[in-house]
Amino acid sequence: MEGTILPNRPVHPVPLKKPPRPNPPLKFSSTTLPLPQSPPSVPLDSLIQHLHHLSAPTKKSSSLHISVDSTQKQFQERNSRKFSSVFVPEFDRKEDEDVSDDGTFEFLSRKGKLMLNSIVEYPLNSLNDFFDSSKFELFELDLVSLLKALDVSGNRERALLLFEWLVINASIGNEKLDKEVIQLMVRILGKESQHSIASKLLDLIPLEEYSLDVRAYTSILHTYSRTGKYERAISLFEKLKETGLSPTLVTYNVMLDVYGKMGRSWDKILGLLDEMKSRGLEFDEFTCSTVISACGREGLLNEAKEFFAELKLQGYVPGTVTYNSLLQVFGKAGIYSEALSILKEMEDNNCPPDSVTYNEVVAAYVRAGFYEEGAALMETMTSKGIMPNAVTYTTLINAYGRAGKVNKALRLFEKMKESGCVPNLCTYNAVLGMLGKKSRSEEMMKILCDMKSSGCAPNRITWNTILAMCGNKGTDKYVNLVFREMKNCGFEPDRDTFNTLISAYGRCGSGIDATKMFEEMMKTGFIPCVTTYNALLNALARRGDWKSAESAILDMKNKGFRPSETSYSLMLNCYAKGGNLKGIKRIEKEIYGGHIFPSWMLLRTLVLANFKCRALQGMEMAFQELQKNGYKPDLVIFNSMLSIFAKNRLYDKANEMLHLILESGMQPNLVTFNNLIDMYARGGKCWKAEEILRGIEKSGGKPDLVTYNTVIKGFCRQGLMQEAMRILYEMTTVGIRPCIFTYNTFVAGYAGQGMFTEVDDVINYMFEHNCKPNELTYKIVVDGYCKARMYKEATDFVSKIKERDDSFDDESVQRLAFRVRENLES
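Residues numbered from 1 in each chain as written. Predicted model: local features only at pLDDT ≥ 70, side-chain atom pairs only at ≥ 80, totals over all residues. Heavy atoms only, no water.

Chemist: So what's going on with the pattern of salt bridges? Which residues, and what values?
Modeler: The full count for this structure, using the stated rule, is 38 salt bridges. The closest approach of N and O atoms between Glu238 and Lys241, which form a salt bridge, is 3.8 Å. One end of the pair, Glu238, and the other, Lys241, are both in helix H11 (residues 230-242), 3 residues apart, so they sit about a helical turn from each other. Among the residues examined, Lys241 registers a relative accessible area of 23% and is labelled partly exposed. (Salt bridge = Lys/Arg side-chain N within 4 Å of Asp/Glu carboxyl O. Helix = DSSP H or I, 4+ residues; strand = E, 2+ residues; numbered from the N terminus. Buried < 20%, exposed > 50% of the residue type's maximum accessible area, 1.4 Å probe, protein only.)

What follows is the structure, given as structure tokens:
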């Protein structure tokens with residue numbers, strides 16, 4: 001077997017000569033066995049303070065807490081990740097004919113011009129006081145003309161503050177605003193993409209009392225769509241039709257977007273399309289791309305293909321935007337073969353691909369596990385004169401981050417900057433999220449500094465990313481701290497924030513807080529979505545509470561939501577954690593039966609869920625299905641397959657996995673070698689296990705705690721305790737602290753040979769170094785005494801446990817005492 005690991009390419013060329021035995025013999029003593037200092041804690045406090053400083057909270061200028069950024073930043077953020085599915089309603093734009101060449105405003109009265117000059121000259125933070133003092137004069141003026149003058153002169157922020165003041169005063173005085181004022185400001189806010197601000201202001205206006213024009217209604221509908229107020233949009237759309245107004249093509253396109261984002265609305269979308277046809281409206285690219293994008297959100301692959309095919313049969317010639325939307329549908333599913341087919345069709349039909357096209361194909365590759373193939377597309381883009389943009393790089397950085405290839409992702413990030421492609425906020429957030437998962441706080445600080453120097457201020461997603469980072473056991477206090485600081489910086493929580501909080505508390509093990517956040521979300525007015533349910537499922541999966549998870553899935557379906565691939569993946573994880581193999585088999589049956597789409601994520605999760613349950617047959621089936629669908633297994637899957645084969649002593653299959661890793665162009669990592677070490681340790685070949693350890697060191701790698709523990713286990717199983725001590729000495733010398741598994745391995749090794757003095761040395765050493773023995777430690781000792789028929793010594797040992805550790809519970813002591821009696825009587 002030893003010669004078959006890598007017949008043509010040995011893992012590590014190391015000599016077979018055994019190292020000399022230590023002299024004098026090593027023992028568990030603080031004088032002969034050094035222990036490293038405890039690792040430093042993650043500087044989360046510094047990170048949060050740094051982020052607070054960079055966010056630079058703005059002073060609120062009104063009771064609505066509205067802060068208006070510069071136009072440039074708004075458009076930068078809006079376009080930071082602009083895919084083909086992003087829809088912005090466009091209207092015919094007319095030049096302002098009332099503005100003369102010399103910059104004067106002929107449509108304003110003399111008093112209006114004086115008021116305009118006063119508003120422009122007044123400091124922003126004092127404008128509300130000025131409006132209060134000039135209330136009488138303001139209401140005597142033509143407010144529409146005044147607001148229009150502020151808009152066209154580039155003083156839109158002041159126009160907004162005036163409109164806000166008018167809305168609040170009208171509300172207090174129970175008066176109606178001029179509908180022309182509302183229509184004008186809706187257009188201004190829509191033009192500047194100030195949807196969240198518009199939404200807050202519109203909440204204060206009783207819109208049902210006004211008869212606005214169709215353009216204003218359409219802009220309001222778009223605002224509701226962008227802010228997630230879908231029910232309100234639907235209600236307003238029905239009112240629009242009741243007033244006798246005829247919705248335009250743009251209006252219908254906005255409503256298609258509303259239903260697409262809301263989800264569970266395919267029938268409603270089809271109904272709107274029929275309504276458009278009956279009114280004689282011809283579909284444009286926004287119509288087609290919005291409908292196809294809706295299919296992508298719901299995973300309706302067949303519906304998207306059928307809709308697209310029907311369009312072409314009716315004579316519709318798809319453009320780049322429509323093709324890109326179709327590409328996104330298959331890109332999200334990771335079906336790169338379909339994506340390549342669509343790309344070929346575009347080229348055959350002389351429809352020029354753009355950067356979005358290639359970005360979607362890159363996304364399709366990485367979703368199927370083909371990271372390098374996705375990265376190689378950047379060269380194809382460049383050769384066709386299309387430069388990779390921030391979205392291209394961000395997609396690949398995200399992919400490498402998910403695959404655990406953090407250093408590769410960081411190198412790509414540096415390459416991005418070197419190429420002259422400026423990272424946007426999405427890129428920075430992706431890098432921060434990736435580093436946050438690895439708790440690499442110092443590097444996160446550098447990224448935040450880089451953001452500041454690039455003029456890229458943190459946004460709500462940045463704060464959400466830090467919130468997600470705090471979602472680990474024992475860090476729930478940081479979740480509360482980040483949430484508080486986030487609000488102090490002026491970032492009100494949105495639905496994604498609540499979803500992140502639910503998920504973070506779940507990962508911290510605080511299910512009660514996760515539930516509270518769910519309830520708080522409902523009170524705030526946000527409707528739970530699939531992501532919300534997935535956050536709850538994530539919390540339940542960590543506890544293995546599959547019964548509650550099944551109830552959550554049932555509740556989703558009852559409310560009309562369609563569980564996503566993430567939902568099913570989390571259910572598989574939940575079943576695996578709870579040891580419910582039958583639950584895994586049920587989902588497995590639905591996947592293989594064609595009822596659930598077999599995405600790369602789902603099949604990967606199926607391999608890992610079966611691995612957790614040690615279900616060899618289930619793993620092999622999922623692995624074969626993954627390959628059959630044309631997906632590329634990642635290193636985690638290969639390592640899991642190698643590990644299960646090693647544990648089942650299927651050494652030929654384990655070696656085959658090692659060959660497949662190399663054939664796939666991957667390099668074995670530390671987990672791979674740890675699995676190989678485990679394979680040899682289990683097979684009694686402890687010296688071969690140490691050879692691999694030496695090879696890791698020789699190649700510049702850094703063995704971890706698992707590596708050393710596994711080699712130690714191999715020697716202890718063979719009774720070679722001094723060799724095990726030698727490895728332990730090396731391990732502590734390089735700065736790795738032993739864990740409870742390390743100590744229990746030594747206890748088992750010594751107890752198995754009847755060396756109970758050494759067993760006591762180990763236990764005393766554990767107490768000295770703040771690693772208290774657990775019930776398993778004492779059970780191993782008791783079994784050792786009983787195996788040596790030293791029942792009196794076993795009884796004495798159990799009776800003295802409480803003297804050593806008064807925190808050890810009485811029930812455990814009673815179980816151990818019963819174990820001694822049981823062995824004595826047998």
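Chemist: Please give an account of the environment of Leu676 that cites residues and values.
Modeler: By the secondary structure assignment, Leu676 is in helix H36 (residues 670-682). Overall, Leu676 belongs to the buried group, its relative accessible area being 0%. Sequence separation between Leu676 and Tyr651 is 25 residues, and the spatial gap between their C-alpha atoms is 9.7 Å. Those residues within four positions of Leu676 in sequence are excluded, and the remaining contacts are Leu642, Leu658 and Ile692. (Contact = heavy atoms within 4.5 Å.)

Chemist: Break down the packing of helix H16 (residues 320-333) against helix H18 (residues 355-367) for me, citing the residues and quoting the values.
Modeler: As a packed pair, H16 and H18 sit with axes 8 Å apart at the nearest point and diverge in direction by 10°. As the angle between them shows, H16 and H18 are arranged roughly parallel. Where H16 approaches H18, its residues Thr320, Asn324, Leu327, Gln328, Phe330, Gly331 and Lys332 are matched on the opposing element by Val356, Thr357, Glu360, Val361, Ala363, Ala364 and Arg367. When the residues that make up the contact of H16 with H18 are grouped by side-chain class, the tally is 6 nonpolar, 5 polar and 3 charged. (Axes fitted to C-alpha atoms, helices over the stretch in contact; angles between N-to-C directions. Parallel < 35°, antiparallel > 145°, perpendicular 65-115°, else oblique. Nonpolar A, V, L, I, M, F, W, Y, C, P; charged D, E, K, R; others polar.)

Chemist: Can you lay out the nonpolar core for me, pointing to particular residues and giving the numbers?
Modeler: The tendency in soluble globular proteins is for nonpolar side chains to be buried side by side. Counting residues in each nonpolar core, the largest one holds 248 residues, and the members touching the most others are Phe28, Ile119, Phe131, Leu146, Leu162 and Phe746. Excluding residues within four positions of it along the chain, Leu162 makes contact with Ile119, Phe131, Leu138, Leu146, Leu147 and Leu150. (Core = buried A, V, L, I, M, F, W, Y, C linked by side-chain atoms within 4.5 Å.)

Chemist: Quick rundown of H16? Include the residues and the values.
Modeler: Spanning 14 residues, H16 covers 20 Å between terminal C-alpha atoms, matching the ideal 20 Å at 1.5 Å per step. Summarising burial for H16: 12 of the 14 residues are buried, a large majority. Regarding H16, the residues found buried are Thr320, Thr322, Tyr323, Asn324, Ser325, Leu326, Leu327, Gln328, Val329, Phe330, Gly331 and Ala333. Residues of H16 that are buried in the fold lie against helix H14 (285-298), helix H15 (301-313), helix H17 (336-348) and H18. (Expected span 1.5 Å × (residues − 1).)

Chemist: Which residues make up helix H39 (residues 721-733), and what values do they have?
Modeler: Between its first and last C-alpha atoms H39 spans 18 Å; for 13 residues at 1.5 Å apiece the expected length is 18 Å, and the two agree. For H39, the buried fraction is high: 10 of the 13 residues fall into the buried class. Listing the buried residues of H39 in full gives Met721, Gln722, Glu723, Ala724, Met725, Arg726, Ile727, Leu728, Met731 and Thr732. Those residues of H39 that are buried lie in contact with helix H37 (686-698), helix H38 (705-717) and helix H40 (740-752). Positive phi shows up at Gly735, right after H39, with a value of about 100°.

Chemist: Lay out the packing of aromatic side chains in plain terms, naming residues and giving numbers.
Modeler: Evaluation of the coordinates by the stated rule reveals 21 aromatic pairs. Ring centres of Phe130 and Phe131 lie 6.1 Å apart, and the angle between their planes is 55°; this geometry places the pair in the tilted category. On the basis of relative accessible area, Phe130 is assigned to the buried category, the value being 9%. You can call Phe131 buried: its relative accessible area is 0%. Here Lys148 stacks its cationic end above the ring of Phe107, 5.4 Å away from the centre of that ring. (Phe/Tyr/Trp six-rings, centres within 6.5 Å; stacked < 30°, edge-to-face > 60°. Lys NZ or Arg CZ within 6 Å of the ring centre and 35° of its normal.)

Chemist: So what's going on with unusual backbone geometry? Which residues, and what values?
Modeler: Of note in the backbone geometry, Asn350 takes a positive phi value of approximately 55° without being a glycine. Structurally, the position occupied by Asn350 is in the loop between H17 and H18. Exposure remark for Asn350: the relative accessible area of 69% places this residue in the exposed category. Not every positive phi belongs to a glycine, and Asn770 is a case in point at roughly 55°. Checked against the element boundaries, Asn770 lands in the loop between helix H41 (756-768) and helix H42 (775-787).

Chemist: Describe the confidence of the model for the chain, naming the residues involved and giving the relevant values.
Modeler: In the predicted model, the chain carries a mean pLDDT of 82, and 85% of its residues have values of at least 70. pLDDT under 50 marks residues 1-16. Its contacts with residues more than four places away, or in other chains, come to 34 contacts. Residue range residues 57-88 is modelled with pLDDT below 50. Its contacts to residues more than four positions away, or to other chains, number 72 contacts. (pLDDT = per-residue confidence, 0-100.)

Chemist: Explain the state of the cysteines to me, and be specific about the residues and the numbers.
Modeler: A covalent bond bridging the sulfur atoms of two cysteines is what the word disulfide describes. What the rule picks out here adds up to 0 disulfides. Just so you know, Cys456 is unpaired, no disulfide at all, and the nearest cysteine sulfur is the one on Cys426, 9.1 Å from it. (Disulfide = S-S within 2.5 Å.)

Chemist: Could you give an account of the side chain of Ser599, naming the residues involved and the relevant values?
Modeler: Relative to the assigned elements, Ser599 resides in the loop between helix H31 (581-592) and helix H32 (600-612). We classify Ser599 as buried; its relative accessible area is 2%. Separated by 2.4 Å, the side chains of Ser599 and Glu565 make a polar contact. Setting aside chain neighbours within four positions, we find Ser599 in contact with Ala333, Glu565 and Tyr631. (Polar contact = N/O pair within 3.5 Å; in protein donor to acceptor, adjacent residues only side chain to side chain.)

Chemist: Give me the lowdown on the environment of Met486, citing residues and values where you can.
Modeler: Here Met486 lies in helix H25 (residues 476-488). Looking at Met486, the relative accessible area reads 0%, which means it is buried. Spatially, the C-alpha atoms of Met486 and Ser55 are 8.9 Å apart, while their sequence positions differ by 431 residues. Excluding residues that lie within four positions of it along the chain, Met486 makes contacts with Arg460, Trp463, Asn464, Leu467, Phe491 and Thr497.

Chemist: Explain the packing of H31 against helix H33 (residues 616-628) to me, and be specific about the residues and the numbers.
Modeler: Interaxial distance between H31 and H33 falls to 12 Å at its minimum, and their mutual angle equals 25°. Looking at the two axes, H31 sits roughly parallel to H33. In terms of crossing hand, the pair formed by H31 and H33 is left-handed. Taking contact as the criterion, the partners of Lys585, Glu588 and Tyr592 in H31 are, on H33, Gly618, Met621, Ala622 and Glu625. Residue composition of the contact of H31 with H33, grouped by class: 3 nonpolar, 1 polar and 3 charged. (Left-handed = near helix turned anticlockwise from the far one by under 90°.)

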